[in-house]
Amino acid sequence: MDTAATIDRPADTALPFASGLAWRNGFAALGPRFSTALRPTPLPAPYWVGTSPQVAALLGLPAGWQDAPGALDAFTGSRSIAGAAPLASVYSGHQFGVWAGQLGDGRAILLGETSGGWEVQLKGSGRTPYSRMGDGRAVLRSSIREFLASEAMHALGIPTTRALCVTGSDAPVRREEVETAAVVARVAPSFIRFGHFEHFAATGRVDELRTLADYVIDRYYPACRSGGRFAGNAYAALLEAVGERTAALVAQWQAVGFCHGVMNTDNMSILGLTIDYGPFQFMDGFDPGHICNHSDTQGRYAFSQQPQVAYWNLFCLAQALLPLVGEEETALAALAAYRSAFPAAFEARMRAKLGLADEARPGDGALADATLRLLAGERTDYTIFWRRLSRHVAGAPVEDVRDLFLDRAAFDTWMLSYQERLSQVDKALAADLMCKTNPKFVLRNHLGEQAIRSAREHRDFGELQTLQRLLATPYDEHPGHDAHAGFPPDWASSIEISCSS
Ligand SMILES: Nc1ncnc2c1ncn2[C@@H]1O[C@H](COP(=O)(O)OP(=O)(O)OP(=O)(O)O)[C@@H](O)[C@H]1O
Ligand SMILES: [Mg+2]
């Protein structure tokens, strides 16, 4: 029931909220084959959990927007927004390597697209025709994680969907235990996923497939129409361009130690954005085999697997686009771009982390590998290592870094080779590059957990706001906040994050 589906919905008796935004709703204009028009389901007695001034500015919301009458209701989904055209879109996908068939926005409703080109989507805003067995809701804990992580990733310079706000309600939501509901207002140029293409390919609807691909190319990848390597085959060019963006994205994840946790094809953005902050984790101790998703029993989405999984997902996209691309050989040639772009992008990120501000040299890749092997040997804290190394290159004693290792001989051997390479670089440039590349603050699980506990137990959002502030400028020192940049407490390893959200 992917088209013209209906769902029981309370009458929209509330007045529309005048956000001051102008809307153009590009995706909605594709028509009912791609989505079902419907409104969010209201939640009782909403309250603000967090707002992002940066995203509000991006949208062009007026100062004090959240205090305007109706704003809280509107962003909780309890009141419509004038000019918006809310809908749930249909997509399919491969989940954990298996074809899952039709999925779709089961708990996310796209309010529309602003005239500035930003789509605004409410996640957790009630059932849709694509909810299957789900309740259409999201819980407060996972919504706080999504809100903080979206903005933290953006501040790290990593492509991501953004988050304007989180609202909560005391409405009960049943997961392993009874929790309460929340809604995240997400913002991105587009929420189209690989799974949208797979959906129409799997059902043999080539016209819809072409309409969708043309929409994505015209709106987001216009350069694909201008000839180039694929001689006017815009669909092959699109595949190549998506591969390149995905390579750049995953290289950034690997360099910062970010585990996505659910890299299903329905969680892969066609724009190369990080999307769907579920069981993600910024790693504490460096372990290439780390599995952050408690539901991922086979380790399909373990940290070190991410680059290969991205390729697997791109392969699914290529299969979906094949009726448009034409020859299989052409699709494979387009896919090859990822295979070369990923290692290049990853090496560039690692060189920056090492402070190699000069031209790349033949041994740089090996030095980066040796560094990661050193860290893996003792599961050294990833973020702290890189930050201390940066401080050392900026003049702090080497002991601060050396103290992180039990095997001092292994560290000393590595340090010798690093210093040899570093001696070829201007030290001040290296230090500067490192301090801007190796964050002091990342959203570790235990930090998120502390903010969640205060919010859940006391409706106290002070910790959330502190984290928001630190993570907005993660490369700054933020004196007085060293505890937020310290080692995780012992209880951090017992936090279990699963697909339940
Ligand atoms: N509580 C729920 N109610 C209805 N549908 C749900 C619920 N949780 C997940 N789904 C749907 O199950 C599918 C897979 O869920 P997944 O966990 O990847 O996404 P998500 O966290 O809901 O959202 P997104 O990918 O939009 O960030 C999607 O179609 C999603 O909409
Ligand atoms: Mg998802």
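Per chain, residue numbering runs from 1 following the sequence as it is written. Labels are handed out in written order, letters beginning with A for the chains and numbers beginning with 1 for the ligands. Owing to the predicted nature of the model, reporting of local features is limited to residues with pLDDT of at least 70; listing and counting of side-chain atom pairs is limited to 80 or more, with chain, interface and lining totals taken over all residues.

A.B. asks: Could you clarify how one ought to interpret the overall build of the protein chain in this entry?
C.D. replies: Counting from the N terminus, the helices are DSSP H or I runs at least four residues long and the strands are E runs at least two residues long. Of the regular secondary structure elements, the protein chain holds 15 helices and 12 strands. At 23 Å, the protein chain has a C-alpha radius of gyration in line with the 23 Å of a compact globule built from 501 residues. Counting only C-alpha atoms and orienting by the principal axes, one finds that the protein chain spans roughly 70 × 60 × 40 Å. Three classes are used. A residue is buried when 20 or more other C-beta atoms lie within 10 Å of its own, exposed when 12 or fewer do, and partly exposed in between, with C-beta atoms placed from the backbone. Looking at the protein chain as a whole, 49% of its 501 residues are labelled buried. What counts as a contact here is a pair of residues whose C-beta atoms, placed from the backbone, lie within 7 Å. Of all intrachain contacts in the protein chain linking residues separated by at least 6 positions in sequence, the fraction that spans at least 24 positions is 74%. Here the radius of gyration uses the C-alpha set of atoms, whereas the globule reference equals 2.2 Å times the residue count to the power 0.38.

A.B. asks: Please clarify how the domain arrangement of the protein chain should be interpreted in this entry.
C.D. replies: Much of the literature gives interface size as the accessible area that the parts lose upon coming together. Domain delimitation in this document rests on an assignment produced automatically or drawn from a domain database. Looking at the assigned domains, one finds that the protein chain contains domain 1 (43–60 + 87–191) and domain 2 (192–501). On a C-alpha basis, the centres of domain 1 and domain 2 stand 21 Å from each other. Each partner contributes to the interface: domain 1 provides 39 residues, whereas domain 2 provides 43 residues. With 13 residues, the top contributor of residues to the side of domain 1 that touches domain 2 is helix α3 (residues 140–155). Side-chain classes are defined by residue name, with Ala, Val, Leu, Ile, Met, Phe, Trp, Tyr, Cys and Pro counting as nonpolar, Asp, Glu, Lys and Arg as charged, and the others, Gly among them, as polar. For the side of domain 1 that touches domain 2, the residue count by class is 20 nonpolar, 13 polar and 6 charged.

A.B. asks: What is the right way to look at the site of ligand 1 in this model?
C.D. replies: A residue counts as near a molecule or strand when its C-beta atom, positioned from the backbone, falls within 6 Å of it. Of all residues adjacent to ligand 1, which total 21 residues, the nearest are L103, G106, S131, G134 and D276. Per-class residue counts for the shell around ligand 1 are 5 nonpolar, 9 polar and 7 charged.

A.B. asks: When you look at the packing of helix α5 (residues 206–220) against helix α6 (residues 234–256) in this model, what are you seeing that I'm missing?
C.D. replies: Describing two packed helices takes the angle between their axes plus the distance from one axis to the other. Look at α5 against α6: their axes get within 11 Å of each other, and the N-to-C directions meet at 65 degrees. α5 and α6 meet at a crossing whose hand is left-handed. Taking contact as the criterion, the partners of A213, V216 and I217 in α5 are, on α6, A234, Y235 and L238. Split by residue class, the contact of α5 with α6 holds 6 nonpolar, no polar and no charged. Only the stretch in contact is used when fitting a helix axis, every axis being a line fitted to C-alpha atoms; angles between N-to-C directions are given from 0 to 180 degrees. In a left-handed crossing the near helix is turned counterclockwise from the far helix by less than a right angle, and in a right-handed crossing that turn is clockwise.

A.B. asks: Could you clarify how one ought to interpret the nonpolar core in this entry?
C.D. replies: Proteins that are soluble and globular tend to have nonpolar side chains buried together. As used here, a nonpolar core is made of buried Ala, Val, Leu, Ile, Met, Phe, Trp, Tyr and Cys residues. They are joined through C-beta atoms within 7 Å. I144, L238, L239, L317 and L321 are the most contacted members of the largest nonpolar core, which totals 135 residues. No fewer than three residues from each of domain 1 (43–60 + 87–191) and domain 2 (192–501) sit in this core. Look past the residues within four positions of I144 in its chain and what remains in contact with it is V49, V166, G448, A451, I452, A455 and L464.

A.B. asks: Sorry, what's going on with the packing of helix α4 (residues 194–202) against helix α7 (residues 306–325) here?
C.D. replies: α7 packs onto α4 with a crossing angle of 40 degrees between their chain directions and a minimal axis gap of 9 Å. It follows from the interaxial angle that α4 and α7 lie oblique. Relative to α7, the crossing made by α4 is left-handed. Mapping the contact onto sequence places F194, F197, E198 and A201 in α4 and N313, C316, L317, A320, L321 and P323 in α7. By residue class, the composition of the contact of α4 with α7 is 8 nonpolar, 1 polar and 1 charged. Just so you know how the angles are binned, under 35 degrees is roughly parallel, over 145 roughly antiparallel, 65 to 115 roughly perpendicular, and the rest oblique.

A.B. asks: What is the right way to read the pairing of strand β5 (residues 98–102) from this model?
C.D. replies: On a regular strand, one side chain projects to one face of the sheet and the next to the other, so that they alternate. Where strand β4 (residues 92–95) and β5 come together, 3 bridges link them in antiparallel fashion. Along β5, the bridge assignment pairs H94 with W99. In this scheme, strands are said to pair when DSSP sees at least two bridges between them. Counting the residues that bridge the hairpin from β4 to β5 gives 2 residues, and of these F96 lies at a positive phi of roughly 50 degrees.

A.B. asks: What's the story with unusual backbone geometry in this structure? I'm lost.
C.D. replies: If you check the backbone angles, A45 has positive phi at about 40 degrees while not being a glycine. As for its placement among the helices and strands, A45 is situated in the loop between β1 (35–37) and β2 (47–51).

A.B. asks: Would you take a moment to explain the pairing of strand β7 (residues 119–123) for this structure?
C.D. replies: Burial analysis of β7 places 5 of its 5 residues in the buried class, which makes it a mostly covered element. On β7, burial covers both faces: E119, Q121 and K123 on one face and V120 and L122 on the other are all buried. One ladder, built from 5 bridges, connects strand β6 (residues 108–113) with β7; its direction is antiparallel. Along β7, the bridge assignment pairs L110 with Q121. Between the antiparallel neighbours β6 and β7 lie 5 residues, among them G117 with a positive phi of about 90 degrees. Where β7 meets strand β10 (residues 178–188), 5 bridges bridge the pair, whose relative direction is antiparallel. If you follow L122 over to β10, its bridge partner there is A185.

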